[in-house]
Amino acid sequence: NAGVTQTPKFQVLKTGQSMTLQCAQDMNHEYMSWYRQDPGMGLRLIHYSVGAGITDQGEVPNGYNVSRSTTEDFPLRLLSAAPSQTSVYFCASRRGGEKLFFGSGTQLSVL
Amino acid sequence: QQQVKQSPQSLIVQKGGISIINCAYENTAFDYFPWYQQFPGKGPALLIAIRPDVSEKKEGRFTISFNKSAKQFSLHIMDSQPGDSATYFCAASRNSNSGYALNFGKGTSLLVTP
């Protein structure tokens, strides 16, 4: 099993550009989520999904969209990138029990 | 609003010493308290977790102490090693019909010196 796979690992955007961060898991987990990590701020939840076709907002959802068309994939879309969205983004998933499996992250810089 | 408050922000411990990281929460509906360990360039990984029906859980050199009445829990790393140098996050969550999300503390950067 590959676990949780995130692409790309690094990305540089200009203000106003849009892009999609990809997340895929091969563990048949029904729950998937996106966090952003900023220095001194910990991990903050952006969006999450409890199954295909079901998504909900987390603590910091503004500027981001998600969809869940399959169990495996949970892409995060930045609609119009802003410098405040410069961060490291982590996708995470779990099934049933509480253990959350994280991907290796995407480092995003918005200039 | 930060639902889980973590301290200290950074910690330096000598090899063989005890590392202690503390967390506090307000929401009494929380019923799951994990600790995550993160090495540079990697995603966080579950280290150890506890539920409020026990006051302590030990796994190897890592122990969680839980005080339900004070709404506090802590991570103790015994015989700390340089390989333990990492960022540690406490978290808390509750179960709900819509699925529950982990609320993380801001993290503690631990450095264990040789």
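Shown above is the structure to which this text applies.
Quick caveat, the model's predicted, so the values are computed rather than measured. (Residues numbered from 1 in each chain as written. Chains lettered and ligands numbered in written order. Predicted model: local features only at pLDDT ≥ 70, side-chain atom pairs only at ≥ 80, totals over all residues. Heavy atoms only, no water.)

Asks: Report on the overall build of chain A, specifying residues and quantitative values.
Replies: Helix and strand counts for chain A stand at zero helices and eleven strands. Helices (α) and strands (β) of chain A occur, in sequence order from the N terminus, as β-β-β-β-β-β-β-β-β-β-β. Rg of the C-alpha trace for chain A: 13 Å, near the compact-globule value of 13 Å for 111 residues, within the 12% margin. Here chain A holds 111 residues, and the buried ones make up 48% of them. Relative to all contacts within chain A whose residues are 6 or more apart in sequence, the contacts with residues 24 or more apart total 52%. Taken as a whole, chain A presents about 5,000 Å² of accessible surface, with 50% of it coming from carbon and sulfur. Looking at charge distribution, chain A has the averaged site of its 9 positive side-chain charges lying 6 Å from that of its 8 negative ones. (Helix = DSSP H or I, 4+ residues; strand = E, 2+ residues; numbered from the N terminus. Rg over C-alpha atoms; globule rule 2.2 N^0.38 Å. Buried < 20%, exposed > 50% of the residue type's maximum accessible area, 1.4 Å probe, protein only. Contact = heavy atoms within 4.5 Å. Areas by Shrake-Rupley, 256 points an atom, 1.4 Å probe, with all protein chains shown as cover. Lys, Arg positive; Asp, Glu negative; His and termini not counted. Charge placed at Lys NZ, Arg CZ, Asp CG, Glu CD.)

Asks: Which residues make up the pattern of salt bridges, and what values do they have?
Replies: Residues and elements named next belong to chain B. Tallied over the entire structure, the rule returns six salt bridges over all chains. A salt bridge links K71 to E26; the nearest nitrogen and oxygen atoms lie 3.5 Å apart. Residue K71 is found in the loop between β7 (62–67) and β8 (72–77), and its partner E26 is found in the loop between β3 (19–25) and β4 (33–38); the two are separated by 45 residues along the sequence. E26 sits in the exposed class, given a relative accessible area of 59%. D31 is the salt-bridge partner of R51, the closest N and O atoms lying 3.6 Å from each other. (Salt bridge = Lys/Arg side-chain N within 4 Å of Asp/Glu carboxyl O.)

Asks: How would you sum up the interface of chain B and chain A? Please name residues and give values.
Replies: How big an interface is tends to be reported as the loss of accessible area on association of its parts. Of the residues lining the interface, 18 residues belong to chain B; the matching set on chain A comes to 20 residues. Taken together, both faces of the contact between chain B and chain A bury some 1,600 Å²; the carbon and sulfur share is 55%. Where chain B touches chain A, the interface holds three residue pairs in polar contact (both at pLDDT 80 or more). Classifying every residue of the side of chain B that touches chain A gives nine nonpolar, six polar and three charged. (Buried area = accessible area lost by both parts, 1.4 Å probe. Polar contact = N/O pair within 3.5 Å; in protein donor to acceptor, adjacent residues only side chain to side chain. Nonpolar A, V, L, I, M, F, W, Y, C, P; charged D, E, K, R; others polar.)

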